[in-house]
Amino acid sequence: MSNETTQDENTRHAEKMKKIKAARDRMMETKTEEKGLIMVHTGSGKGKSSSGFGMIMRCISHGMPCAVVQFIKGNWDTGEKTFLRERFAEECRFFVSGEGFTWETQDRERDIAAAQNGWRIAKEQILDPEVQFVLLDEINIALRYDYLDIDEVVDFLLHEKPRMTHVCLTGRNAKPELIEAADLVTEMTLVKHPFRDGVKAQKGVEF
């Protein structure tokens, strides 16, 4: 390829990028509103909680006080729980409301009580003026089994959540009412998973 051809391609590329940047700048000029978002991570694929905890890391980096309420994982020794409690306890409050996965407890009344306690804690954290981001990890599971009233949760998020507080709700099978109320919804799609091939959950990947 000659230097002349390379120069022509570089020139065309620069012009194309210039147009793209101008169009993006015009679009960004219209994005002026700031608000606390209601975010939902759902779907059958891996990454719902992982993405939520990624935003927790961002909040800590930006000096934004945050909180986590785990609804289902219970006393499972997860890396994120150990990491946050041992290294960033002041920056991020970490609460565990459940006693384990629902199929392990096999006690609906106990599961309901744990979920209700988690929701009580969640509301306290969301209403706390010092907290700017709250992750409700696996709350969609509690909602799916009707351990929590979906109408109550949605009404609280829409009408009582402070305007600038972000809330992220994770877990598969998010209810339609929650999806409708949310500002941002991401569905993780399962394409392939090692569990199907007999591989157990891996430390650092799954927990």
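As a reminder, the structure under discussion sits directly above these lines.
Residues numbered from 1 in each chain as written. Predicted model: local features only at pLDDT ≥ 70, side-chain atom pairs only at ≥ 80, totals over all residues. Heavy atoms only, no water.

Caption draft 1: Spotlight on helix α3 (residues 79–87). Among the residues of α3, those classed as buried are Glu80, Lys81 and Leu84. Angularly, the buried residues of α3 cover 100° about the axis, an arc narrow enough to put them on a single face. What points out from α3, more than 90 degrees from its buried face, is the exposed set Glu86 and Arg87. (Buried < 20%, exposed > 50% of the residue type's maximum accessible area, 1.4 Å probe, protein only. Helix = DSSP H or I, 4+ residues; strand = E, 2+ residues; numbered from the N terminus. Arc of directions from axis to C-beta.)

Caption draft 2: Region of the structure containing the layout of surface pockets. In this structure, the second largest pocket spans a volume of roughly 200 Å³. If you go around the second largest pocket, the residues you meet are Leu37, Met39, Met55, Arg58, Cys59, His62, Met64, Phe133 and His166. Sort the elements by how many residues they give to the lining of the second largest pocket and helix α2 (residues 48–61) lands first, with three residues. Class assignment of the residues belonging to the lining of the second largest pocket gives a composition of six nonpolar, two polar and one charged. (1 Å grid on protein atoms, 1.4 Å probe; cavity = no way out; pocket = protein on both sides within 12 Å on 5 of 7 lines; lining within 4 Å. Points joined across faces, edges and corners; volume = space filled by probe spheres on them. Nonpolar A, V, L, I, M, F, W, Y, C, P; charged D, E, K, R; others polar.)

Caption draft 3: How the structure looks around the nonpolar core. Counting residues in hydrophobic clusters, the biggest one holds 32 residues, and the most contacted among them are Phe71, Trp119, Leu136, Leu148, Leu157 and Leu169. Sorting the residues of this core by element identifies β1 (38–42), β2 (66–70), α5 (108–127), β4 (133–137), α6 (139–144), α7 (150–159), β5 (166–170) and α8 (176–181) as the ones contributing at least two each. Setting aside its immediate chain neighbours within four residues, Leu148 contacts Phe71, Ala115, Gln116, Trp119, Ile139, Ala142, Leu143 and Val153. Counting residues in hydrophobic clusters, the runner-up holds 15 residues, among them Met39, Cys59, Cys92 and Leu135. (Core = buried A, V, L, I, M, F, W, Y, C linked by side-chain atoms within 4.5 Å. Contact = heavy atoms within 4.5 Å.)

Caption draft 4: Focus on α5. Taking 1.5 Å as the rise per residue, α5 with 20 residues should run 28 Å; its terminal C-alpha atoms sit 28 Å apart, in good agreement. Among all positions of α5, only Asp111, Ile112, Ala114, Ala115, Gly118, Trp119, Ile121, Ala122, Gln125 and Ile126 are buried. With a side-chain oxygen lying 3.3 Å from the backbone nitrogen of Glu109, the N-terminal cap of α5 falls on Asp107. (Expected span 1.5 Å × (residues − 1). Polar contact = N/O pair within 3.5 Å; in protein donor to acceptor, adjacent residues only side chain to side chain.)

Caption draft 5: View of the sheet that holds β2. Strand order in the open sheet formed by six strands is β3-β2-β4-β5-β1-β6, and the pairing between neighbours is parallel. One side of each edge strand has no neighbouring strand; the edge strands of this open sheet are β3 (92–96) and β6 (184–187). Sheet twist, expressed as the average angle between the axes of neighbouring strands with direction ignored, equals 10°. Relative to β5, β1 is paired through four bridges, and the arrangement is parallel. Within β5, the residue paired with Ile38 across the bridge is Val167. Along the sheet, α3 contacts β2 and β3; its crossing angle with β3, the most-contacted strand, is approximately 135°. (Pairing = 2+ DSSP bridges. Axes fitted to C-alpha atoms, helices over the stretch in contact; angles between N-to-C directions.)

Caption draft 6: Up close: the environment of Glu152. Among the secondary structure elements, Glu152 is positioned in helix α7. For Glu152, a relative accessible area of 36% corresponds to the partly exposed category. Every residue in contact with Glu152, bar those within four places of it in the chain, is listed here: Trp119 and Lys123.

Caption draft 7: The arrangement of the packing of α2 against α3 in detail. Interaxial distance between α2 and α3 falls to 12 Å at its minimum, and their mutual angle equals 15°. On the basis of the axis angle, α2 is roughly parallel to α3. Considering the relative orientation of α2 and α3, their crossing is left-handed. Here α2 contributes Phe53, Ile56, Met57 and Ile60 to the contact with α3, which in turn contributes Glu80, Phe83 and Leu84. Its residues assigned to classes, the contact of α2 with α3 comprises six nonpolar, no polar and one charged. (Parallel < 35°, antiparallel > 145°, perpendicular 65-115°, else oblique. Left-handed = near helix turned anticlockwise from the far one by under 90°.)

Caption draft 8: Representation of the packing of aromatic side chains. One pass over the full model with this rule turns up four aromatic pairs. On the basis of an interplanar angle of 10° and a centroid distance of 6.3 Å, the ring pair of Phe53 and Phe94 is categorised as stacked. In this pair, Phe53 is assigned in helix α2 and Phe94 in strand β3, connecting sequence segments 41 residues apart. In this structure, Phe53 and Phe94 share a single accessibility class: buried. (Phe/Tyr/Trp six-rings, centres within 6.5 Å; stacked < 30°, edge-to-face > 60°.)

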